[in-house]
Amino acid sequence: MHRRSSRRRSALVLTAAALVAAPLLTACGNEAHPGAAAVVGKQRITVAQLENRVNEVRSAQRAALPDDRQYEQVVAKTGGLTRSTLHTMVLDKVLHRAARDAGVSVSRKEIQTMRGGLEEQASGRKALEAQWLQEYGVAPQRLDDSIRTEIEAQKLARKLGADMNAREGQDIFWSALSKASKKLDIDLNPRYGAWDVKASKRTDAKTPWVREVSGSGAAGPRMEQL
């Protein structure tokens, strides 16, 4: 069963590929919100929260790579981690708003079921955590959150009737996120870039849930960092 779902997981984010690339960000030209990396709706993502998320990844990478040279190589390859992490944090909120507007929710049981299947494919919990850390930059303590977002994206696509293997379906999915983004009136600290609702891609983002997935599969291959 897991092999079938693994094959099926290759659809949702070509849309999301656009998605990650497609920012809904509007740069704020001044520090209207001191201490904030971004403001999404009425929620602040503080610089401290952003730094904490980045430190979680770095700590996990350090633990996985006790050799100094290997660790330094990984850090060098992920130099844009802060910006891409903020993008992920904002984009997750946009997706959640779009899902909520469409009446989509994710249960704890669904998360556990998908995680169980992924662990079986990866040959265990530790192997799955190592895989997502290495491939997607997801710290072990954030794995369930990332899986929840995966499921939320899949269910939203199904609710919208969006075939993510087709351009038309991707446009439908995109439109829903764009509408959610506008409602949230995202305000991004210019130090981290800009989020343009009308743009179709963002060249410095790398988002864990942005991968090719379809209706009910597990997490699929993700975009390479641009």
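Preceding this paragraph is the structure being described.
Note that this is a predicted model, so its numbers are computed, not measured.

Q: It is not clear to me how the nonpolar core should be interpreted in this structure. Could you clarify?
A: As a rule of thumb, nonpolar side chains are buried together in soluble globular proteins. In terms of nonpolar packing, the biggest core is built from 35 residues, with Leu86, Val90, Val94, Phe173 and Leu177 touching the most fellow members. Contributing elements (two or more residues each) for this core: strand 1 (36–40), helix 3 (47–64), helix 5 (81–101), helix 8 (143–160) and helix 9 (167–184). In this structure, Leu118, Tyr136, Leu143 and Ile151 belong to the second largest nonpolar core, which totals eleven residues.

Q: What is the right way to look at helix 7 (residues 125–136) in this model?
A: Structurally, the α-helix is built with 3.6 residues per turn, so residues lying three or four positions apart point the same way. Between its first and last C-alpha, helix 7 extends 16 Å over twelve residues, near the 16 Å set by a 1.5 Å rise per residue. The complete set of buried residues in helix 7 reads Leu128, Glu129, Trp132, Leu133 and Tyr136. Summarising the axial view, the buried residues of helix 7 lie within an arc of 130°, below the 170-degree limit, and thus occupy one face. Residues of helix 7 that are exposed and angled more than 90 degrees away from the buried face: Lys126 and Gln134. The secondary structure elements touched by the buried residues of helix 7 are helix 3, helix 6 (108–122) and helix 8. Downstream of helix 7 by one or two residues, Gly137 has phi in the positive range, about 70°.

Q: Can you help me understand the sheet that holds strand 3 (residues 187–188) in this one?
A: Two strands in a sheet stick together by hydrogen bonds in their backbones, pointing the same way (parallel) or opposite ways (antiparallel). Reading across from one edge, 2-1-3 is the order of the three strands in this open sheet, with antiparallel pairing throughout. The sheet terminates laterally at strand 2 (43–46) and strand 3, the two strands that pair on one side only. The sheet contacts of helix 3 involve strand 1 and strand 2, and relative to strand 2 the element is tilted by about 55°.

Definitions and cut-offs
Residues numbered from 1 in each chain as written. Predicted model: local features only at pLDDT ≥ 70, side-chain atom pairs only at ≥ 80, totals over all residues. Heavy atoms only, no water. Core = buried A, V, L, I, M, F, W, Y, C linked by side-chain atoms within 4.5 Å. Buried < 20%, exposed > 50% of the residue type's maximum accessible area, 1.4 Å probe, protein only. Helix = DSSP H or I, 4+ residues; strand = E, 2+ residues; numbered from the N terminus. Expected span 1.5 Å × (residues − 1). Arc of directions from axis to C-beta. Contact = heavy atoms within 4.5 Å. Pairing = 2+ DSSP bridges. Axes fitted to C-alpha atoms, helices over the stretch in contact; angles between N-to-C directions.

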